[in-house]
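What follows is the residue order along each chain.
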Amino acid sequence: MTTITFIHPDNRSETVEAEDGATVMLAALTHGVDGIVAECGGNAVCATCHVYVDDAWTSKLEPVSDDEDALLDGTAAERRPNSRLSCQIKVQPALAGLVVRIPDRQS
């Protein structure tokens, strides 16, 4: 299990234990984290699982794919350099302590 902390728009934090091999999106849904809508169920077609990855973690993630990059251009909240789709972030032990911020809106 890997610990992930979600920071809500009101700065409230929520820490969950995620299964290695799952996605950050699935961890949020499994634990009932508000703000991750995930309309497409993690199929990378909707961008409603958009998060801002804490700067300390961005270099530890796999690069953004072309498909993810295109979807990030259509997010409801502002796209930032640290924007990612949480359905595209695979949980792994190297990400223990990962911090992501949930935007103020997803759709």
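A short tour of the structure in this document, coming up. Please read all numbers here as calculations on a predicted model, not as lab measurements.

Applying the stated criterion to the full structure yields 0 aromatic pairs. Across the ring face of tryptophan 57, the terminal group of lysine 60 is positioned such that the distance to the ring centre comes to 4.9 Å. The cationic tip of arginine 80 hangs over the ring face of tyrosine 52; the distance from NZ or CZ to the ring centre is 4.0 Å.

By the element assignment, glutamine 106 lies in the segment after β5 (98-101). For the pair glutamine 106 and isoleucine 36, spaced 70 residues apart in sequence, the C-alpha separation works out to 7.4 Å. In contact with glutamine 106, other than residues within four places in its own chain, are Gly35, Ile36, Val37, Ala47, Thr48, Cys49, His50 and Ala76. Among the polar contacts listed, one links the side chain of glutamine 106 to the backbone oxygen of glycine 35, at a separation of 3.1 Å. In this structure the side chain of glutamine 106 is engaged in a polar contact, spanning 2.8 Å, whose partner is the backbone oxygen of histidine 50.

If charged atoms from side chains of opposite charge come close, those side chains can pair. Taken as a whole and judged by the stated rule, the model has 7 salt bridges. For glutamate 68, the salt bridge identified is with arginine 84, shortest N-O distance 2.8 Å. You can see glutamate 68 sitting in helix α2 (residues 66-72) and its partner arginine 84 sitting in strand β4 (residues 83-85), a full 16 residues away along the chain. Here glutamate 68 falls in the buried class, since its relative accessible area comes to 2%. Judged by relative accessible area, arginine 84 falls into the buried class, the value being 7%. Close ionic contact of aspartate 104 with arginine 105 constitutes a salt bridge, the shortest N to O distance being 3.8 Å.

Pairing is mixed in the open sheet, where 5 strands are placed in the order β2-β1-β5-β3-β4. Since the sheet does not close on itself, it has two edges, and those belong to β2 (13-18) and β4, each with one partner. If you compare each strand with its neighbour and ignore which way they point, the axes differ by 35° on average. The sheet contact formed by strand β1 (residues 2-7) and β5 spans 4 bridges and is parallel. In the strand pairing of β5, phenylalanine 6 is matched with valine 100.

Rules and cut-offs
Residues numbered from 1 in each chain as written. Predicted model: local features only at pLDDT ≥ 70, side-chain atom pairs only at ≥ 80, totals over all residues. Heavy atoms only, no water. Phe/Tyr/Trp six-rings, centres within 6.5 Å; stacked < 30°, edge-to-face > 60°. Lys NZ or Arg CZ within 6 Å of the ring centre and 35° of its normal. Helix = DSSP H or I, 4+ residues; strand = E, 2+ residues; numbered from the N terminus. Contact = heavy atoms within 4.5 Å. Polar contact = N/O pair within 3.5 Å; in protein donor to acceptor, adjacent residues only side chain to side chain. Salt bridge = Lys/Arg side-chain N within 4 Å of Asp/Glu carboxyl O. Buried < 20%, exposed > 50% of the residue type's maximum accessible area, 1.4 Å probe, protein only. Pairing = 2+ DSSP bridges. Axes fitted to C-alpha atoms, helices over the stretch in contact; angles between N-to-C directions.

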